[in-house]
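Summary of structural features
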Amino acid sequence: MKIKPHKYGIGARLTFDSIERLSKRRLGKSPDDGKMSVGTLIIVGATIALVNFDFLPAGFPCRELITVALSVAFMGLGLYLEYRRLAPRTRWRKAMYATGMIASAWSLLPWIFYFMGEVADKSVVLQLFIASLAMWGICLGCVLRHRYIRRRSQQEIAFMRMREKRRRREMIMNGY
């Protein structure tokens, strides 16, 4: 228990730090707590695996495509873990922005690598290009889902307003 000055400058107030900490814990952690979540770690690991694709043997058939597929799948898993507890509209909006930014970054990286000549093996450029196409597809899916949820919520709001107007009209007609 601490004594702090009152926020309006009149007297003092007692604060109970343990209760305030518990209420903050119950209401949820602040978004800037500085810790990386499991979803963020999976996203970072998938990006590292995409750029450094030497974890499959050289004689493995379709090595680049399998690496891209695994990286994109783990990227989707990380995004799912990151946004699963949000409201649907917020979840799909954030997923749309995240996948759009990742896809645009992956679309620019092959051109940067190609023109700078830093990559002797052109398979990295091909791999990033294929991954960007896959991520653009996921981004398009997120955009379409966000539009669907937004349209559905607008219809629900319009339906609720129509029901309220009908209820008021019936009350007036019945003499209430």
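Residues numbered from 1 in each chain as written. Predicted model: local features only at pLDDT ≥ 70, side-chain atom pairs only at ≥ 80, totals over all residues. Heavy atoms only, no water.

This next bit is on the nonpolar core. Considering soluble globular proteins, one finds that nonpolar side chains tend to be buried as a cluster. Ranked by size, the top nonpolar core spans 19 residues in total, and within it Leu-50, Met-75, Leu-79, Trp-106, Ala-131 and Met-135 carry the most contacts. For this core, the secondary structure elements donating two or more residues are helix 2 (38-51), helix 3 (63-83), helix 4 (88-116) and helix 5 (123-174). When residues in this core are grouped by element, the largest group, six residues, is from helix 4. Not counting residues within four places of it along the chain, the set of residues in contact with Leu-50 comprises Val-68, Ser-71, Trp-106, Gln-127, Leu-128 and Ala-131. (Core = buried A, V, L, I, M, F, W, Y, C linked by side-chain atoms within 4.5 Å. Buried < 20%, exposed > 50% of the residue type's maximum accessible area, 1.4 Å probe, protein only. Helix = DSSP H or I, 4+ residues; strand = E, 2+ residues; numbered from the N terminus. Contact = heavy atoms within 4.5 Å.)

Before going further, it helps to examine the environment of Arg-147. Among the structural elements, Arg-147 can be located in helix 5. On the basis of relative accessible area, Arg-147 is assigned to the partly exposed category, the value being 45%. It is 9.3 Å that separates the C-alpha atoms of Arg-147 and Arg-93, two residues lying 54 residues apart in sequence.

Together, Phe-60, Ile-66, Leu-70, Phe-74, Leu-77 and Tyr-80 make up an exposed nonpolar region whose accessible area comes to about 540 Å². Checked against the element boundaries, Leu-77 lands in helix 3. (Patch = residues over 30% accessible without salt bridge, like charges linked within 9 Å, V, L, I, M, F, W, Y side chains within 5 Å. Areas by Shrake-Rupley, 256 points an atom, 1.4 Å probe, with all protein chains shown as cover. Salt bridge = Lys/Arg side-chain N within 4 Å of Asp/Glu carboxyl O.)

On to helix 5, then. Across its 52 residues, helix 5 extends 76 Å between first and last C-alpha, which sits within 8% of the 76 Å expected from 1.5 Å per residue. Of the residues making up helix 5, those classed as buried are Ser-123, Val-124, Val-125, Gln-127, Leu-128, Ala-131, Ser-132, Met-135, Cys-139, Cys-142, His-146 and Ile-149. Contacts made by the buried residues of helix 5 are with helix 2, helix 3 and helix 4. Phi turns positive, to about 90°, at Gly-175, one or two residues after helix 5. (Expected span 1.5 Å × (residues − 1).)

On to the packing of helix 4 against helix 5. For the pair helix 4 and helix 5, interaxial distance at closest approach is 8 Å and the crossing angle is 160°. By the angle between their axes, helix 4 is roughly antiparallel relative to helix 5. For the element pair helix 4 and helix 5, the recorded crossing hand is left-handed. Of the residues that constitute the contact of helix 4 with helix 5, the class distribution is 22 nonpolar, seven polar and four charged. (Axes fitted to C-alpha atoms, helices over the stretch in contact; angles between N-to-C directions. Parallel < 35°, antiparallel > 145°, perpendicular 65-115°, else oblique. Left-handed = near helix turned anticlockwise from the far one by under 90°. Nonpolar A, V, L, I, M, F, W, Y, C, P; charged D, E, K, R; others polar.)

Counted according to the given criterion, the structure contains zero disulfides. No disulfide involves Cys-139; its sulfur sits 6.5 Å from that of Cys-142, the nearest cysteine. Look at Cys-139 and you get buried, because its relative accessible area is 8%. We classify Cys-142 as buried; its relative accessible area is 6%. (Disulfide = S-S within 2.5 Å.)

For the structure shown, the criterion picks out two salt bridges. Its salt-bridge partner being Arg-167, residue Glu-164 comes within 2.5 Å of it at the nearest N-O pair. With Glu-164 and Arg-167 both in helix 5, this residue pair falls three residues apart, about one helical turn. The class of Glu-164 is partly exposed, set by a relative accessible area of 29%.

Here we come to a positive patch on the surface. On the surface, a cluster of positive charge is made up of Arg-89, Arg-93, Lys-94, Arg-147, Arg-150 and Arg-151. Breaking the positive patch down by element, the ones donating at least two residues are helix 4 and helix 5. Residue Arg-89 is classed as partly exposed on the basis of its relative accessible area of 37%. (Lys, Arg positive; Asp, Glu negative; His and termini not counted. Charge placed at Lys NZ, Arg CZ, Asp CG, Glu CD.)

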